[in-house]
Amino acid sequence: MTREEIIRPENKVYSRPRLIDDNYMHYCPGCSHGVVHKLVAEVIEEMGLEEKAIGIAPVGCSVFAYNYIDCDWIEAAHGRAPALATAASRLNPDKVVFTYQGDGDLAAIGSAETIHACTRGENIVIIMINNGIYGMTGGQMSPCTILGAKTATSPYGRRSDLNGFPLKVSNVVALLDGTCYVTRQAVHTVQAVRKAKNALKKAFKNAIEKKGTSFVEVVGTCSSGWKLTPEKSNKWMEENMFVNYPLGDIKDTAAGLEEKTVEVKKS
Amino acid sequence: MKDNVKLMKGNEAIAMAAIRYGCDGYFGYPITPQSEVLETLEAQMPWETTGMVVLQAESEVASINMVYGGAATGKAVMTSSSSPGVSLMQEGISYLAASELPALIVNVMRGGPGLGTIHPSQSDYFQATKGGGHGDYHLIVLAPSTVQEMADFVSLGFDLAFKYRTPSMILADGVVGQMMEKVVLPEQRPRRTEEEIRRQCPWAVTGKDHGRTKRNIVTSLELDSAVMEKNNERFQRTYREIEKNEVRYEARYTEDADYLVVAFGSIARICMKAIEDARKEGVKVGLIRPITLWPFPYDAIREAAKNVKGILCVEINAGQMIEDVRLAVSDSVPVRHFGRMGGIVPNPNEILDALRRDFIDKPANAKED
Ligand SMILES: Cc1ncc(C[n+]2csc(CCOP(=O)(O)OP(=O)(O)O)c2C)c(N)n1
Ligand code: SF4
Ligand SMILES: [Mg+2]
């Protein structure tokens, strides 16, 4: 069989999503960011949101998300993406606004913006890639670094007495009345990728239907920060990250938000 | 017209003028002495009339980043705060400048440093005019001295911000924020339509719609230093344009003046009383009131200083604008500062005393100290 005979439309089993463009990706081999980018692009394309989607990029390894996913983007200051998303969404209610953030960006410096966007029930999608480390700045400890994990700023492993405990942000935001959907996913196997894509679809659907804030955590790998091969990273993640960050839906109020607090009594 | 004449506080005038300008969104956090801006907006409920979004944010950090997010979509958005809150906004303001986004920031100054006092001050002059945040940038800084100017500078601030694609600031002090005066509010203007925004702000992040094939990205990041230098050169060209076109000031009694007072904001009005008292005694004093603190009216001051024996800078601070006045006149004429700090506003007698002490009563040949 010749090359030409193989390269035929009917033989095609996979193609790059239309909204992922030709730019050379800067992610390390084995990094989860690339896979999640692909899913976001597919979801926007398949849901017909190309003209509606506004992405808010973080400060972190995915700062250049706007170079890869072909929709309109605003690049936020470190941690502030949910504040930008709040305004972009309220001022443009016919658009669909999503943030794409790392665990350091979201759970450390941006924790206040995250909690308040979620508790206000902004009709946005928040996507957090939790690799338990500050990938971009060279592998320092993040609030989500698990106990015992070695990083540049916890060289002997994170200790609870020195550094406190890992922050389980998804569990925190699930407690807030403004979130309608909170889920924790991964993208290390074909099956996980499919599930994560469905979760993202549900989140974007919630935003379109104005059901409140959807929060999608993706537990991911940072092979460079973890100093492991891509293959070993996946194994380390399964053995260590998933125990601390179990996968699955944490909250799903399919019908949207309900008033759970008690209003002031009329006198 | 008569309906538009109102008696109100400066802070309330800002809020009412914002609605009438057709402002799309306000994001703010309470702090004395400017909370009436947010309070007035919440009471007016403009979302029911013009569709303006009003949101009490969780902090000034969030407020300014909401402004950043809203401005990036081409909307006319603003925030207001007072000194400690504006300090928190500096990172966001630098990002706005770097991303060439129009926005309006109002600082109703109180006395610092630190938590300081809730009483009026002008001690954020350096912060507003010399940077405040990181990087080489400028804000267009407007200094109102009346409640009328509080109202008028909302539209002026927005118009300049959109004209030059750069944030502008109303640098008011607690006096103009809190005092009540008669004000003529502008006519209600409609908010810009999506169509107008697309036309005026082709760079805006509006979703890749209406046949636009290239995505819009609003970012301040550029890792290639050669490109980043070019970006900076573009910012600087804009600043030079603004310096050329937008200097504003008020001159009173400068034609025959032997002494010149330079003052901005509320204290300029108090200085006018001192100047009139001096003139009653036959001492010819004039006033230059910079309205734009950046761009600063260097030329006007240099011109007005040609025939005077001394310049007194009166500020409600330890002496900040005086540096720009000295730059304007070099060593051609003695320049002195008079000010009070900690939230104390000088009265006309103190100002007149300072004029006498520094200049009028001084023998012409006295040695400069
Ligand atoms: C105000 C501010 N502080 C610190 C930094 C430096 N910084 C850049 S990225 C980053 C951490 C990013 O980590 P994370 O959000 O987990 O993203 P990852 O790279 O792991 O995907 C830090 C601290 C910055 N850019 N701005
Ligand atoms: S440093 Fe980590 S998070 Fe960043 S691109 Fe490399 S693997 Fe991904
Ligand atoms: Mg990380």
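Residues numbered from 1 in each chain as written. Chains lettered and ligands numbered in written order. Predicted model: local features only at pLDDT ≥ 70, side-chain atom pairs only at ≥ 80, totals over all residues. Heavy atoms only, no water.

A. Representation of the overall build of chain A in the model. A count of helical and extended segments in chain A gives 11 helices and 7 strands. Across its three principal axes, chain A shows a C-alpha extent of roughly 85 × 50 × 30 Å. Residues classed as buried in chain A amount to 55% of the 267 residues present. As presented, chain A carries roughly 12,100 Å² of accessible surface, and 55% of it is formed by carbon and sulfur atoms. A gap of 5 Å separates the mean positions of the 31 positive and 30 negative side-chain charges of chain A. (Helix = DSSP H or I, 4+ residues; strand = E, 2+ residues; numbered from the N terminus. Buried < 20%, exposed > 50% of the residue type's maximum accessible area, 1.4 Å probe, protein only. Areas by Shrake-Rupley, 256 points an atom, 1.4 Å probe, with all protein chains shown as cover. Lys, Arg positive; Asp, Glu negative; His and termini not counted. Charge placed at Lys NZ, Arg CZ, Asp CG, Glu CD.)

B. Fine view of the overall build of chain B. Helix and strand counts for chain B come out as 15 helices and 15 strands. Rg of the C-alpha trace for chain B: 21 Å, near the compact-globule value of 21 Å for 369 residues, within the 12% margin. In terms of its C-alpha atoms, chain B occupies a principal-axis envelope of roughly 75 × 50 × 40 Å. Here chain B, with 369 residues, has 60% of them falling under the buried criterion. Counting only contacts in chain B whose residues sit at least 6 apart along the sequence, the fraction spanning at least 24 positions is 78%. One way to put it: in chain B the 42 positive side-chain charges average out to a point 3 Å from where the 49 negative ones average out. (Rg over C-alpha atoms; globule rule 2.2 N^0.38 Å. Contact = heavy atoms within 4.5 Å.)

C. Just helix α15 (residues 348-360) of chain B, in detail. All names here are of chain B. An ideal rise of 1.5 Å per residue puts 18 Å on 13 residues; α15 reaches only 16 Å between its terminal C-alpha atoms. For α15, the complete set of buried residues consists of I351, L352, A354, L355, D358 and F359. With its buried residues spanning 155° around the axis, α15 presents them on a single face. Here the buried face of α15 lies against β11 (259-262), α12 (266-280), β12 (285-290), β14 (310-315) and β15 (335-339). Two or three places before N349, at the start of α15, stands the capping residue N347, its side-chain oxygen 3.1 Å from that residue's backbone nitrogen. (Expected span 1.5 Å × (residues − 1). Arc of directions from axis to C-beta. Polar contact = N/O pair within 3.5 Å; in protein donor to acceptor, adjacent residues only side chain to side chain.)

D. Representation of the coordination of the magnesium ion (ligand 3). All names here are of chain A. Protein coordination at the magnesium ion (ligand 3) comes from D103 (OD), N131 (OD1) and I133 (O), with a distance range of 2.0 to 2.1 Å. Here the donor residues of the magnesium ion (ligand 3) share one chain and are spaced in sequence as D-x27-N-x1-I. You'll find N131 and I133 in the same group, each marked buried. (Donors = N, O, S within 2.8 Å, 3.2 Å for Na, K, Ca; no water.)

E. Quick peek at the site of ligand 1. Around ligand 1 lies a shell of 17 residues, among which A:H33, A:D103, A:G104, A:D105 and A:G135 are the nearest. More than one chain reaches ligand 1: its neighbouring residues belong to chains A and B. Contact between ligand 1 and A:G135: an oxygen atom at 2.8 Å from a main-chain N or O atom of the residue. Here ligand 1, which alone exposes 590 Å², has 77% of that area covered by the protein. Residue contributions to the shell around ligand 1 peak at 4 residues, all from helix α5 (residues 103-109) of chain A. Taken together, the residues of the shell around ligand 1 sort by class into 6 nonpolar, 8 polar and 3 charged. (Near = heavy atom within 4 Å. Nonpolar A, V, L, I, M, F, W, Y, C, P; charged D, E, K, R; others polar.)

F. How the structure looks around the domain arrangement of chain B. Residue and element names in this part refer to chain B. Split by domain assignment, chain B resolves into domain 1 (2-184) and domain 2 (251-360). In this structure, domain 1 and domain 2 have C-alpha centres spaced 27 Å apart. Across the boundary between the two partners, domain 1 contributes 29 residues, which contact 25 residues of domain 2. Buried area between domain 1 and domain 2, both sides added, is near 2,100 Å², and the carbon and sulfur share of it is 56%. Of all residues in domain 1, the largest losses of buried area upon contact with domain 2 belong to Q122, Y125 and F126, amounting jointly to 33% of the total for that side. Joining domain 1 to domain 2, the criterion identifies 3 salt bridges. (Domains from an automatic or database assignment. Buried area = accessible area lost by both parts, 1.4 Å probe. Salt bridge = Lys/Arg side-chain N within 4 Å of Asp/Glu carboxyl O.)

G. Layout of the pattern of salt bridges. Across all of its chains, the model carries 48 salt bridges over all chains by this definition. A salt bridge links B:K208 to A:D70; the shortest N-O distance between them is 3.0 Å. Taken together, the residues span two chains, with B:K208 in the loop between α10 (194-200) and β9 (217-218) and A:D70 in the loop between α3 (65-68) and β2 (72-75). Of the charged contacts, one joins B:K230 and B:E233 as a salt bridge, the two residues approaching to 3.8 Å between their closest N and O atoms. One end of the pair is B:K230 and the other is B:E233, both in helix α11 (residues 225-245) and 3 residues apart, which spans about a single turn. The exposed category is assigned to B:K230, whose relative accessible area is 54%. Residue class for B:E233 comes out partly exposed when judged on its relative accessible area of 34%. Overlapping salt bridges, with partners in common, bring together A:R18, A:D21, A:E45, A:E50, A:D70, B:K208 and B:R215 in one network.

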